[in-house]
Amino acid sequence: MVGHKVTYYIFTDQVSNIPAFTLGTGRKLVTLEAPSYQRWQDVSMRRMEMIRDQSHQRFIHEVDYLVCVDVDMRFSDEVGVEILSIVFGTLHPGFYTASREGFTYERRPESTAYIPRDEGDFYYAGGFFGGGTVEEVYRLTNFCHNAMMVDKERQIEAIWHDESYLNKYFLYQKPTKILSPEYLWDNDFAAPDFLKKRRFVAVSKNHNAIRNKRALQSVSGIEGNLHR
Ligand SMILES: CC(=O)N[C@H]1[C@@H](OP(=O)(O)OP(=O)(O)OC[C@H]2O[C@@H](n3ccc(=O)[nH]c3=O)[C@H](O)[C@@H]2O)O[C@H](CO)[C@H](O)[C@@H]1O
Ligand SMILES: [Mn+2]
């Protein structure tokens, strides 16, 4: 977004571990302290609540467009104002050629994220959406958080967590723009010839090791006990 003003809001429960950055012209970094959750699923899902609350309290007063991304991603080519819209979604790099039956939507009717087998156009990635007027991001995150809370009461959690609720939201509230997997790539997938640019790429990591580390820390008491 060269030539535009950009504020990076980083949610973290480890504020003191954020390294010093040298930011380009017009860039600003704001750290927002986030609560800790023991389960990685909750860490991921509770982002909806945090974004919703900050949209209302802060973002609406500070920015024109709000884009929400995973933290374990790297910009590796241009991502400009072409992404902006009223609200955008991004095709998941694992499912852009899949048929409807192949989408990993939540299929249990008991869940608020449920999508019937004869519905749904695309499978959207949880890691890049918004982009978005703050009002629209508020609506989206508010829907997802409330749906998660209903499911929590029912003791059910959607198969792909926040991503499943996002897909449910976009089923009936269609995004006004859809980004191609150039905008959310993962090098674990074989790249097709037509993928000319990898603009925003998942950092390779050992999911299990990281998730088990969280679980182990909670057993040893660093993050509280294992009760959930
Ligand atoms: C690229 C992409 O579409 N990613 C989605 C995919 O996750 P991923 O497989 O990419 O999972 P992930 O480990 O990146 O977790 C999702 C995100 O939650 C946050 N986090 C998670 C764990 C933790 O200990 N600390 C922390 O900060 C962080 O922003 C992270 O990027 O599926 C998740 C739900 O299952 C989310 O929908 C992600 O958006
Ligand atoms: Mn991720």
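Reading the values: the criteria
- Residues numbered from 1 in each chain as written.
- Chains lettered and ligands numbered in written order.
- Predicted model: local features only at pLDDT ≥ 70, side-chain atom pairs only at ≥ 80, totals over all residues.
- Heavy atoms only, no water.
- Helix = DSSP H or I, 4+ residues; strand = E, 2+ residues; numbered from the N terminus.
- Rg over C-alpha atoms; globule rule 2.2 N^0.38 Å.
- Contact = heavy atoms within 4.5 Å.
- Areas by Shrake-Rupley, 256 points an atom, 1.4 Å probe, with all protein chains shown as cover.
- pLDDT = per-residue confidence, 0-100.
- Buried < 20%, exposed > 50% of the residue type's maximum accessible area, 1.4 Å probe, protein only.
- Core = buried A, V, L, I, M, F, W, Y, C linked by side-chain atoms within 4.5 Å.
- Expected span 1.5 Å × (residues − 1).
- Bend = angle between axes of the 7 residues up to and from the residue.
- Phe/Tyr/Trp six-rings, centres within 6.5 Å; stacked < 30°, edge-to-face > 60°.
- Polar contact = N/O pair within 3.5 Å; in protein donor to acceptor, adjacent residues only side chain to side chain.
- Patch = residues over 30% accessible without salt bridge, like charges linked within 9 Å, V, L, I, M, F, W, Y side chains within 5 Å.
- Salt bridge = Lys/Arg side-chain N within 4 Å of Asp/Glu carboxyl O.

**Comments concerning the overall build of the protein**
And then number 1: From N to C terminus, the protein includes five helices and eight strands.
And then number 2: Ordering the α and β elements of the protein from the N terminus gives β-β-α-α-β-β-β-β-α-α-β-β-α.
And then number 3: Computed over C-alpha atoms, the radius of gyration of the protein comes to 18 Å, within 12% of the 17 Å expected from 2.2 N^0.38 for 228 residues, which places it in the range of a compact globule.
And then number 4: Summarising the internal contacts of the protein: among those between residues at least 6 apart in sequence, 68% fall at separations of at least 24.
And then number 5: Of the roughly 13100 Å² of accessible surface on the protein, a fraction of 51% belongs to carbon and sulfur atoms.

**Section: the confidence of the model for the protein**
And then number 1: Averaged over the protein, the pLDDT score is 93; the fraction of residues at 70 or greater is 93%.
And then number 2: A low-confidence stretch, residues 221-228 stays under pLDDT 50, and its non-local contacts, those more than four residues away or across chains, total 17 contacts.

**With respect to the environment of S76**
And then number 1: In this fold, S76 is placed in the loop between β4 (73-75) and β5 (88-90).
And then number 2: Accessibility expressed as a relative area gives 43% for S76, which makes it partly exposed.
And then number 3: Along the primary structure S76 and P192 are separated by 116 residues, whereas in three dimensions their C-alpha atoms are 17 Å apart.
And then number 4: If we skip the residues at most four places from it in the chain, S76 touches R198, R199, F200 and V201.

**Observations concerning the nonpolar core**
And then number 1: Core analysis: the largest hydrophobic core is formed by 25 residues, its most contacted members being M48, F59, L66, L140, C144, Y165 and F170.
And then number 2: Those elements giving two or more residues to this core turn out to be β2 (27-33), α2 (47-62), β3 (66-69), α3 (134-153) and α4 (162-172).
And then number 3: Looking at this core, the element that brings in the most residues is α3, giving six residues.
And then number 4: If we ignore the near neighbours within four places in the chain, the residues touching C144 are M48, Y165, L166 and Y169.
And then number 5: If you look at the next biggest cluster of nonpolar residues, it comprises twelve residues, including M73, F88, A125 and L179.

**Brief notes about α2**
And then number 1: The end-to-end C-alpha distance of α2 is 19 Å, clearly below the 22 Å that 16 residues give at a rise of 1.5 Å each.
And then number 2: At S55, α2 shows its strongest bend, of approximately 60°.
And then number 3: Buried within α2 are the following residues: M48, E49, M50, I51, R52, Q54, S55 and F59.

**Details of the packing of aromatic side chains**
And then number 1: Taken as a whole, this structure holds 15 aromatic pairs when the rule is applied.
And then number 2: Judged by centre distance (6.1 Å) and plane angle (85°), the rings of Y96 and F194 are edge-to-face. Here Y96, found in the loop between β5 and β6 (128-132), pairs with F194, found in the loop between β7 (177-179) and β8 (200-202); they are 98 residues apart in sequence, far enough to count as distant.
And then number 3: Accessibility expressed as a relative area gives 26% for Y96, which makes it partly exposed.
And then number 4: Using a relative accessible area of 57% as the deciding quantity, one classes F194 as exposed.

**A few points about the environment of A191**
And then number 1: Counting through the fold element by element, A191 comes out in the loop between β7 and β8.
And then number 2: For A191, a relative accessible area of 34% translates into the label partly exposed.
And then number 3: Sequence separation between A191 and P93 is 98 residues, and the spatial gap between their C-alpha atoms is 9.3 Å.
And then number 4: Once residues within four sequence positions are removed from consideration, A191 is found in contact with W185 and R198.

**Overview of the side chain of D162**
And then number 1: Among the secondary structure elements, D162 is positioned in helix α4.
And then number 2: Polar contacts involving the side chain of D162 include one to the side chain of R47, which spans 3.2 Å.
And then number 3: Excluding its chain neighbours within four sequence positions, the residues that come into contact with D162 are S44, M45, R47, M48 and M148.

**A few points about a nonpolar patch on the surface**
And then number 1: A cluster of nonpolar side chains, Y8, F21 and L23, forms an exposed patch at the surface whose accessible area comes to about 270 Å².
And then number 2: Tracing the backbone shows F21 in the loop between β1 (6-12) and β2.
And then number 3: Residue F21 is classed as partly exposed on the basis of its relative accessible area of 48%.

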